[in-house]
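Observations on the three-dimensional arrangement
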Amino acid sequence: MLRSPPVLSYAGATRYLYGLAPRGVQLGLTRVQRALALRNHPERAVPAILVAGTNGKGSVASLLASVLRAQGYRTGLYTSPHLHRMTERFVVNGKAVTQRSFAQRVSELVPFFEDSDTPELTFFEACTLLAFEIFRDLRCDINVLEVGLGGRLDATNVVKPLVSVISSIALDHQERLGPTVSAIAREKAGIVWPKVPVVVGTRDAAALRVIAATARARKAPYLRIDRDFSVSELDDGCTVSVQDRTYAKLPLPLAGAHQRDNLACAVAALDQLSHAREQLSKPSKPKAPVFAISERALRSGVAHTRWPGRLELLPGAPSTLLDAAHNPEACASLAQQVKTLAKRYKRRVLVFGAMRDKDHATMLRTLLPEVDPVVFATPDTPRAEPAQALCQAYGGVAVADPREAFARAQKLAGKRGLVIVAGSIFLIAPIRAQILGLGMDATIAM
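Overview of the structure. Model, not experiment: these values are computed from the prediction. (Residues numbered from 1 in each chain as written. Predicted model: local features only at pLDDT ≥ 70, side-chain atom pairs only at ≥ 80, totals over all residues. Heavy atoms only, no water.)

1. Some thoughts on the pattern of salt bridges
Which entries qualify depends on this criterion: A side-chain nitrogen of Lys or Arg and a carboxyl oxygen of Asp or Glu constitute a salt bridge if their distance falls within 4 Å. In DSSP terms, a helix is any run of H or I states spanning at least four residues, a strand is any run of E spanning at least two, and both are numbered starting from the N terminus.
What the rule picks out here adds up to 16 salt bridges. With a shortest N-O distance of 2.7 Å, Glu-133 and Arg-39 are connected by a salt bridge. Here Glu-133, found in helix H5 (residues 123–137), pairs with Arg-39, found in the loop between helix H2 (30–38) and strand E1 (48–52); they are 94 residues apart in sequence, far enough to count as distant. One salt-bridge network, held together by shared partners, links Arg-39, Arg-105, Glu-133, Arg-136 and Asp-137.

2. Structural notes on the sheet that holds strand E10 (residues 237–242)
Basically, it comes down to this: When DSSP locates at least two bridges between a pair of strands, those strands are taken to pair. Orientation is described by axes fitted as lines to C-alpha atoms, over the contacting stretch for helices, and by angles from 0 to 180 degrees between their N-to-C directions.
If you walk across this open sheet you meet the three strands as E9-E10-E11, and the pairing is antiparallel. In this open sheet, the two edge strands, each paired with only one partner strand, are strand E9 (229–234) and strand E11 (245–250). This sheet shows a mean twist of 10° between the axes of neighbouring strands, independent of strand direction. Where E9 meets E10, six bridges bridge the pair, whose relative direction is antiparallel. Bridge pairing in E10 places Val-231 opposite Val-240.

3. Thoughts on empty space enclosed by the protein
Taking a probe equal in size to a water molecule and rolling it over the atoms shows the remaining empty space. Cut-off, in case you're wondering: Every definition here rests on a 1 Å grid over the protein atoms only: cavities are sets of points where a 1.4 Å probe fits but cannot get out, pockets are open sets enclosed by protein on both sides within 12 Å along at least five of seven lines, and lining residues have some atom within 4 Å of a point. Grid points are joined across faces, edges and corners, and a volume is the space filled by probe spheres set on the points. The residue classification treats Ala, Val, Leu, Ile, Met, Phe, Trp, Tyr, Cys and Pro as nonpolar and Asp, Glu, Lys and Arg as charged. All others, Gly included, are polar.
On inspection of all chains with the given rule, the structure shows three cavities of 30 Å³ or more. Reported here for the largest cavity is a volume of approximately 50 Å³. Lining of the largest cavity is provided by His-82, Leu-83, Phe-426, Ala-429, Met-440, Asp-441, Ala-442, Thr-443 and Ile-444. Residue classes in the lining of the largest cavity are distributed as six nonpolar, two polar and one charged.

4. Points about the layout of surface pockets
The volume enclosed by the second largest pocket comes to roughly 520 Å³. Residue lining of the second largest pocket: 26 residues in total, with Glu-88, Val-91, Arg-306, Trp-307 and Pro-308 positioned closest to the centre. With four residues, helix H3 (residues 57–70) is the largest single contributor of residues to the lining of the second largest pocket. Along the lines of polarity and charge, the residues of the lining of the second largest pocket split into nine nonpolar, 10 polar and seven charged.

5. Side note on a nonpolar patch on the surface
Condition: Candidates for patches are residues over 30% relative accessible area with no salt bridge; among them, like charges are joined within 9 Å and nonpolar side chains (Val, Leu, Ile, Met, Phe, Trp, Tyr) within 5 Å. Computed with the Shrake-Rupley method and a 1.4 Å probe, the accessible areas treat only the protein chains shown as cover for residues. Accessibility here uses a 1.4 Å probe with only protein chains present; expressed as a share of the type maximum, an area under 20% marks a residue as buried, one over 50% as exposed, and anything in between as partly exposed.
Taken together, the side chains of Ile-435, Leu-436 and Leu-438 present a nonpolar region at the surface, about 220 Å² in accessible area. Looking at the secondary structure, you find Leu-438 in the segment after helix H15 (425–436). Classification of Leu-438 as partly exposed rests on a relative accessible area of 40%.

6. Some thoughts on the side chain of Ser-62
Rules: Here, residues are in contact when the closest pair of their heavy atoms is within 4.5 Å.
Counting through the fold element by element, Ser-62 comes out in helix H3. We classify Ser-62 as buried; its relative accessible area is 5%. In this view, Ser-62 contacts Leu-77, Thr-305, Arg-306 and Trp-307; residues no more than four positions away in its chain are not counted.

7. Considerations on the nonpolar core
Buried together is how nonpolar side chains tend to be arranged in soluble globular proteins. Keep this limit in mind: Among buried residues, those of type Ala, Val, Leu, Ile, Met, Phe, Trp, Tyr and Cys that are joined through side-chain atoms within 4.5 Å constitute a nonpolar core.
Counting 65 residues, the largest nonpolar core has Leu-17, Met-86, Phe-90 and Phe-102 as its most contacted members. For this core, the element with the most residues is H5, which contributes 10 residues. In contact with Phe-102, not counting residues within four places along its chain, are Tyr-10, Ala-13, Thr-14, Leu-17, Met-86, Thr-87, Phe-90, Val-97 and Leu-130. With 40 residues, the next largest nonpolar core counts Ala-65, Val-163, Leu-250 and Leu-263 among its residues.

What follows is the structure, encoded as structure tokens:
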């Protein structure tokens, strides 16, 4: 008599998935496609929107999911990496799956992962398969999927979406995606599917040429910011225009000027969504759903969007600004936001820690003029650049432990000052958990 495998604890389920990490990051679709076929294609059970981009993809995905939920659609949201808990990657209708449910689902998948006929999936591929099964079994109406890395060979790209979004393109992960913006754009443009609309938020000319050429070759409707949709900001909100529609005074709770473009991309994608679904519907399938979004749902969904750890200002004495800025473009946006806070906080102290493969010089060139002292820390991951090495290169103070570095920065800032924590999500996560009294899983840089 066959016995069901024992149900792992939440910690055990997390450890099991983390145990796949030594397989590394292996871009490619063959393994995950084979595994999904063996699981009866859960990725085909729920229509989806696919979101890629160097920066802003998480914000766009969160905006989309919030609006779809406000309209009444049961919505799955898959993002990575997580801030504090693995369950944050798998969100249904605004709530992460429970730790108990997560543990049970991983336990059920362990025999499949261990079967000799199953391809050896990477950590991210296994998580992606898990997301598809969770969203299918919880009867989601639509999924919003954030691309992990690149696009063309990312595990999420096994799904033919209703709409694709490319939020921005800049230099990052060059060792895997290519040394130039054009090369990176080619990888991001891999999520452009034949005849599927693609919404593009980048303004980089080289990137736009690549994406436009890909869209033409695949006969995909191509919507570009400042041409097919636009955004402007007034004191009482943002106005987004998409072709012949205008949405005035949209409230945007996400901080930072760059969030205007992310909002515009989300609105443009939602505008295309009903058209995209109508095109897929056939007379033989009259019950195929149309994802129409009312203006009321749009306003409510945007107003209630949350994306923690991204220009997140936490009150205190001193106050703390957390931002997962991890490349030059993101750090430039952070510097712009800090500049707007200069009159409010005279003393501004930076806690900075980043991965070894990042362009520290350019990142800090934009940040250092906007702060007073800087405290370098070492994020809790083998990929991190040691705090002492950063200190030797750029001055400042080195305190390896992130929490101790934060405590030092608080003293330097004083009760009326501001501590800015940035450079890596793996730096801000333990500090945010400490401030808010949250539990936290071990760090995994994937």
